[in-house]
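Chain by chain, the residues:
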Amino acid sequence: MPFPRRTVLAGLPLAIATLALAACTTPPPPRLNLPEIGFAQSGPITFAAGSAETVNEFRSSFAPPYIEHLLPQPPARVAERWARDRIRLDNSQNNSVRVVIKDASVIEQDIAKTPGLRGQFTNDQVSRFEASLAMSVEVRDARGFKLGEAQASAKRSGTLDEKATLNDRDTLIYNLIKDVSTDVDRELERNIRQYLPLYAR
């Protein structure tokens, strides 16, 4: 039996509202699964030592503008991976290697949009990110006396515009951390060769 015309018309607003709600609740694209940042490809640095440790002296404030504690691969974790990937011991001397993480921060800051009518037609950069990493490698004797030290630090920054997606944000932060870690890796190895030649090869 056909429905009365009034009933069909009454159901139209509900159907339209349901379609509009479905359009508004389209799930976002899946978040990126970015690869682990590692340093095995750089090869080992072998120390005349019998033990090694990594000490993280960096303490996050867990408050804006710092966001490193919210990241899947924070710089401190990448720095710890550097020590695992690159440091090797030959046990030829009773020395110890101490890797110290001094800075491993990532900050996010808002950038003011272009004001007024002009701002309505401008694709502004609205967020700025900066990744920082600072590390040192110490060689100490059996008594704990420091025999030598090499240091390295680097910073990288970038911005996102107002049309950027969450995946754009994830990719930018990932690349900043990867680039700053690569910078430190290269500088630290260079300084180890220069300042710790008696203890590293």
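Our structure is the block above this text.
Asks: For this particular structure, what's the right way to read the overall build of the chain?
Replies: Across its full length, the chain holds 4 helices and 7 strands. Along the chain, helices and strands appear, N-terminal first, in the series α-β-β-α-β-β-β-α-β-β-α. In the chain, which comprises 201 residues, the proportion classed as buried is 36%. Here the chain displays about 12400 Å² of accessible surface, and carbon together with sulfur accounts for 55% of that area.

Asks: Can you walk me through the side chain of Ser136 in this structure?
Replies: Residue placement: Ser136 occurs in strand E6 (residues 125–140). For Ser136, a relative accessible area of 0% gives the class buried. Within the structure, Ser136 has its side chain in polar contact with the side chain of Glu149 (distance 3.5 Å). In contact with Ser136, not counting residues within four places along its chain, are Arg98, Val99, Val100, Lys102, Glu149, Ala150 and Gln151.

Asks: How do you make sense of the pairing of strand E7 (residues 146–161) when you look at a structure like this?
Replies: Across a regular strand the side chains alternate sides, sitting on one face of the sheet and then on the other. The pairing of E6 with E7 spans 15 bridges and is antiparallel. Paired with Ala131 across the strands is Arg156, a residue of E7. Hairpin remark: E6 followed by E7, antiparallel, with 5 residues in the connecting loop; positive phi at Gly144, about 90°.

Asks: Help me understand the environment of Asn94, please; the structure alone is not making it clear to me.
Replies: With respect to the helices and strands, the residue Asn94 is situated in the loop between strand E3 (87–89) and strand E4 (96–103). A C-alpha to C-alpha distance of 5.6 Å links Asn94 and Gly50, two positions 44 residues apart in sequence. If sequence neighbours within four positions are ignored, Asn94 has contacts with Asp141 and Ala142.

Asks: Hey, could you run me through helix H2 (residues 75–86) in this one?
Replies: Working note: α-helix, 3.6 residues per turn, so residues spaced by three or four point in the same direction. The terminal C-alpha atoms of H2 lie 16 Å apart, and with 12 residues this matches the ideal 16 Å at 1.5 Å per residue to within 8%. Buried residues of H2: Pro75, Ala76, Val78, Ala79, Arg81, Trp82, Ala83 and Arg86, and no others.

Asks: Can you walk me through unusual backbone geometry in this structure?
Replies: With glycine set apart, most residues show a phi of negative sign, and most peptide bonds adopt trans. Here the residue pair Pro64 and Pro65 is connected by a cis peptide bond, since its omega of 10° sits within 30 degrees of zero. Inspection of the secondary structure assignment puts Pro65 in the loop between strand E2 (51–56) and H2. The phi angle at Phe62 is positive, at roughly 55°, despite the residue not being glycine. Residue placement: Phe62 occurs in the loop between E2 and H2. A relative accessible area of 60% places Phe62 in the exposed class. Phi angles above zero are rare outside glycine, and Asn91 is one such case at about 60°. Relative to the assigned elements, Asn91 resides in the loop between E3 and E4.

Asks: Help me understand the pattern of salt bridges, please; the structure alone is not making it clear to me.
Replies: Where charged atoms from two side chains of opposite charge come close, those side chains can pair. Tallied over the full model, the rule gives 15 salt bridges. As a salt-bridge pair, Glu138 and Lys146 come within 3.8 Å of each other at their nearest N and O atoms. Taking relative accessible area as the criterion, Lys146 reaches 34% and is therefore assigned partly exposed. For the salt bridge of Arg156 with Asp183, the shortest nitrogen-to-oxygen distance reads 2.8 Å. Placement of Arg156 in strand E7 and of Asp183 in helix H4 (residues 166–195) is noted, with a sequence separation of 27 residues between them. You can call Arg156 partly exposed: its relative accessible area is 32%. Exposure remark for Asp183: the relative accessible area of 22% places this residue in the partly exposed category. One network of salt bridges, in which partners are shared, links Glu53, Arg98, Glu138, Arg140, Lys146 and Glu149.

Asks: Explanation requested: the packing of H2 against H4 in the structure shown.
Replies: Relative orientation and spacing of two packed helices are given, respectively, by the angle between their axes and the distance between those axes. With their axes 11 Å apart at the nearest point, H2 and H4 run at an angle of 40° to one another. On the basis of the axis angle, H2 is oblique to H4. In this structure, the crossing between H2 and H4 has a hand that is right-handed. Contact with H2, carried on its side by Pro75, Val78, Trp82 and Arg86, involves Ile177, Ser181, Asp185, Leu188, Glu189 and Ile192 of H4 and no other residues of that element. In terms of residue class, the contact of H2 with H4 is built from 6 nonpolar, 1 polar and 3 charged.

Reading the values: the criteria
Residues numbered from 1 in each chain as written. Predicted model: local features only at pLDDT ≥ 70, side-chain atom pairs only at ≥ 80, totals over all residues. Heavy atoms only, no water. Helix = DSSP H or I, 4+ residues; strand = E, 2+ residues; numbered from the N terminus. Buried < 20%, exposed > 50% of the residue type's maximum accessible area, 1.4 Å probe, protein only. Areas by Shrake-Rupley, 256 points an atom, 1.4 Å probe, with all protein chains shown as cover. Polar contact = N/O pair within 3.5 Å; in protein donor to acceptor, adjacent residues only side chain to side chain. Contact = heavy atoms within 4.5 Å. Pairing = 2+ DSSP bridges. Expected span 1.5 Å × (residues − 1). Salt bridge = Lys/Arg side-chain N within 4 Å of Asp/Glu carboxyl O. Axes fitted to C-alpha atoms, helices over the stretch in contact; angles between N-to-C directions. Parallel < 35°, antiparallel > 145°, perpendicular 65-115°, else oblique. Left-handed = near helix turned anticlockwise from the far one by under 90°. Nonpolar A, V, L, I, M, F, W, Y, C, P; charged D, E, K, R; others polar.

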